[in-house]
Amino acid sequence: MRTVTTLDELHAARLSLDGTVGLVPTMGYLHEGHLSLIRRAKADCAHTVVSIFVNPTQFGANEDLSKYPRDLERDLELIEPLGVEAVWTPTAEVMYPNGYQTWVEVEALTRPLEGAARPGHFRGVTTVVAKLFNAVQPHKAYFGQKDAQQAAVVRQMTRDLSYPIEIVICPTVRETDGLAMSSRNKYLEGENRRAARVLYRALSAAKETYEKGERKAETLRQVMKDMIAAEPLAQMQYVSCADYDTLEELEIVAGKTLLSMAVFIGKTRLIDNFVLG
Ligand code: AMP
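Residues numbered from 1 in each chain as written. Predicted model: local features only at pLDDT ≥ 70, side-chain atom pairs only at ≥ 80, totals over all residues. Heavy atoms only, no water.

Caption draft 1: View of the packing of helix 9 (residues 198–211) against helix 10 (residues 217–229). In the contact formed by helix 9 and helix 10, the axes pass within 8 Å of each other and the chain directions differ by 150°. Relative to helix 10, helix 9 is oriented roughly antiparallel. When you trace helix 9 past helix 10, the crossing you get is right-handed. Counted together, Val 198, Arg 201, Ala 202, Leu 203, Ala 205, Ala 206, Thr 209 and Tyr 210 of helix 9 and Leu 220, Val 223, Met 224, Met 227 and Ile 228 of helix 10 form the full contact between these two elements. Its residues assigned to classes, the contact of helix 9 with helix 10 shows 11 nonpolar, 1 polar and 1 charged. (Axes fitted to C-alpha atoms, helices over the stretch in contact; angles between N-to-C directions. Helix = DSSP H or I, 4+ residues; strand = E, 2+ residues; numbered from the N terminus. Parallel < 35°, antiparallel > 145°, perpendicular 65-115°, else oblique. Left-handed = near helix turned anticlockwise from the far one by under 90°. Contact = heavy atoms within 4.5 Å. Nonpolar A, V, L, I, M, F, W, Y, C, P; charged D, E, K, R; others polar.)

Set out below in structure tokens:
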């Protein structure tokens with residue numbers, strides 16, 4: 001396993017790889033969710049490249065960039081046994097050298113949900129993912145369903161910019177009590193960790209209501225809102241019942257549908273989602 005930092009090192013490592021290359025972009029502080037993406041890439045491709053980069057441009061001014069958990073040594077220990085070819089750990093200077101001024105933006109899909117709650121977030125995401133794609137030139141790239149809108153936005157960007165890359169979306173890996181794994185779960189202690197289960201509970205309740213035959217989207221949103229409101233340590237930012245492809249809010253659930261939410265547990269912002277239909 002080669003660990004590379006500069007673009008020159010990355011290009012040299014990439015040139016030595018013959019056959020299909022899979023890319024797994026991450027911000028590090030790895031957990032089973034990330035490792036499931038890496039295992040899937042390993043199974044699909046001749047070679048796997050993992051990137052670890054806490055991308056400053058996707059964090060808002062009041063967000064947790066400086067506090068985002070980092071532990072490169074531990075990450076490399078977790079990746080080593082999986083047998084990947086290269087781990088790319090660029091610095092902010094490598095990705096955004098002095099004078100940097102080029103951005104990639106996806107339009108309609110980035111407006112609702114996370115895009116509305118985190119202005120500028122997806123501009124940072126699509127820009128860094130485009131740069132990762134250009135540098136690594138993978139055949140396939142692996143993303144988690146946990147970040148459903150990110151997956152949709154990356155798919156759109158890939159299509160719109162004609163990248164010859166297959167986007168593979170992998171299922172959300174959860175703790176035994178249903179909490180979706182996230183690097184930010186590290187912030188949750190004691191009562192907050194218990195309260196964080198409310199996201200999974202609320203999504204499960206809405207899904208159950210849907211499975212009993214309810215098709216009014218507002219009713220499903222209300223089921224999630226009520227459950228979150230009943231948890232004193234939780235503060236809802238949004239809940240959504242939207243068309244899976246366009247992410248537009250629905251009145252009636254008919255086709256493939258995304259239930260999603262963002263909830264603060266104390267100062268920690270968590271997101272989660274279920275797909276219906
Ligand atoms: P991050 O390091 O949070 O930027 O995540 C890197 C990749 O891992 C993204 O494609 C995420 O969607 C994915 N990911 C994060 N958490 C999970 C999870 N619990 N299950 C599956 N994939 C995940």
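Caption draft 2: Main features of the nonpolar core. Judged by nonpolar contacts, the single largest core of 42 residues is most densely connected at Trp 88, Val 129, Phe 133 and Met 157. For this core, the secondary-structure elements that each account for two or more residues are helix 1 (7–15), strand 2 (21–26), strand 4 (86–88), helix 4 (92–95), helix 6 (121–136), strand 5 (140–144), helix 7 (148–160) and strand 8 (257–265). A total of 9 residues in this core trace back to one element, the largest contributor, which is helix 6. If near-sequence neighbours (up to four positions away) are discounted, Val 129 is found in contact with Phe 143, Val 154 and Met 157. Formed by 26 residues, the second largest nonpolar core is a distinct cluster that contains Leu 179, Tyr 210, Ala 234 and Ile 265. (Core = buried A, V, L, I, M, F, W, Y, C linked by side-chain atoms within 4.5 Å. Buried < 20%, exposed > 50% of the residue type's maximum accessible area, 1.4 Å probe, protein only.)

Caption draft 3: Quick look at the sheet that holds strand 4. The 6 strands lie next to each other as 1-4-3-2-5-6, forming an open sheet whose pairing is parallel. Across the chains shown, the open sheet's two edge strands, defined by having one partner strand only, are strand 1 (2–4) and strand 6 (166–170). If you compare each strand with its neighbour and ignore which way they point, the axes differ by 25° on average. Sheet topology note: the strand 1/strand 4 ladder contains 3 bridges and is parallel. Its bridge partner lying in strand 4, Thr 3 is registered against Val 87. Contacts from helix 6 reach strand 2, strand 3 (47–52), strand 4, strand 5 and strand 6, with the element oriented near 150° to strand 2. Helix 7 contacts strand 5 and strand 6 of the sheet and is inclined by roughly 170° relative to strand 6. (Pairing = 2+ DSSP bridges.)

Caption draft 4: How the structure looks around the site of the ligand. Taken together, 17 residues are adjacent to the ligand, and Met 27, His 34, Asp 147, Val 173 and Met 181 come closest. Val 173 places a polar main-chain atom, nitrogen or oxygen, 2.8 Å from a nitrogen atom of the ligand. Contacts to the ligand include Met 181, whose backbone N or O atom sits 2.9 Å from a nitrogen atom. Coverage of the ligand by the protein chains reaches 93% of its 490 Å² of free accessible surface. Every element with two or more residues in the shell around the ligand is listed here: strand 2, helix 2 (32–44) and strand 5. By residue number, the principal contributor to the shell around the ligand is helix 2, which donates 3 residues. Residues belonging to the shell around the ligand are distributed by class as follows: 8 nonpolar, 7 polar and 2 charged. (Near = heavy atom within 4 Å. Polar contact = N/O pair within 3.5 Å; in protein donor to acceptor, adjacent residues only side chain to side chain. Areas by Shrake-Rupley, 256 points an atom, 1.4 Å probe, with all protein chains shown as cover.)

Caption draft 5: Broad picture of the state of the cysteines. One pass over the structure, following the stated rule, counts 0 disulfides. As a non-bridged cysteine, Cys 170 has Cys 45 as the owner of its nearest cysteine sulfur, 11 Å distant. (Disulfide = S-S within 2.5 Å.)

Caption draft 6: Layout of the sheet that holds strand 9 (residues 268–276). If you trace the 3 strands from one edge of the open sheet to the other, you get 7-8-9, paired in antiparallel fashion. A single partner strand is all that each edge strand has here, and the edge strands are strand 7 (234–243) and strand 9. Taking the axes of each pair of neighbouring strands and ignoring which way they run, one obtains an average angle of 15° across the sheet. Here 9 bridges tie strand 8 to strand 9, and the two strands are oriented antiparallel to one another. Bridge pairing in strand 9 links Leu 259 to Phe 274. Each of strand 7, strand 8 and strand 9 is contacted by helix 10, which is oriented at about 160° to strand 7, the strand it contacts most.

Caption draft 7: Representation of the packing of aromatic side chains in the model. Within this structure, the stated rule accounts for 7 aromatic pairs. An angle of 80° between the planes, with centres 5.7 Å apart, marks the rings of Phe 59 and Tyr 68 as edge-to-face. Residue Phe 59 is classed as buried on the basis of its relative accessible area of 10%. Exposure remark for Tyr 68: the relative accessible area of 8% places this residue in the buried category. (Phe/Tyr/Trp six-rings, centres within 6.5 Å; stacked < 30°, edge-to-face > 60°.)

Caption draft 8: Representation of the pairing of strand 2 within the structure. Summarising burial for strand 2: 6 of the 6 residues are buried, a large majority. Both faces of strand 2 are covered, namely the face carrying Val 21, Leu 23 and Pro 25 and the face carrying Gly 22, Val 24 and Thr 26. In the sheet, strand 2 pairs with strand 3 via 6 bridges, with the strands oriented parallel. Its bridge partner being in strand 3, Val 24 is matched across the sheet by Val 50. The parallel pair strand 2 and strand 3 is bridged by helix 2, and the resulting crossover is right-handed. Across 2 bridges, the pairing between strand 2 and strand 5 is parallel. Among the inter-strand pairings, Gly 22 is bridged to a residue of strand 5, identified as Lys 140. (Right-handed = clockwise from strand over helix to strand, strands pointing away.)

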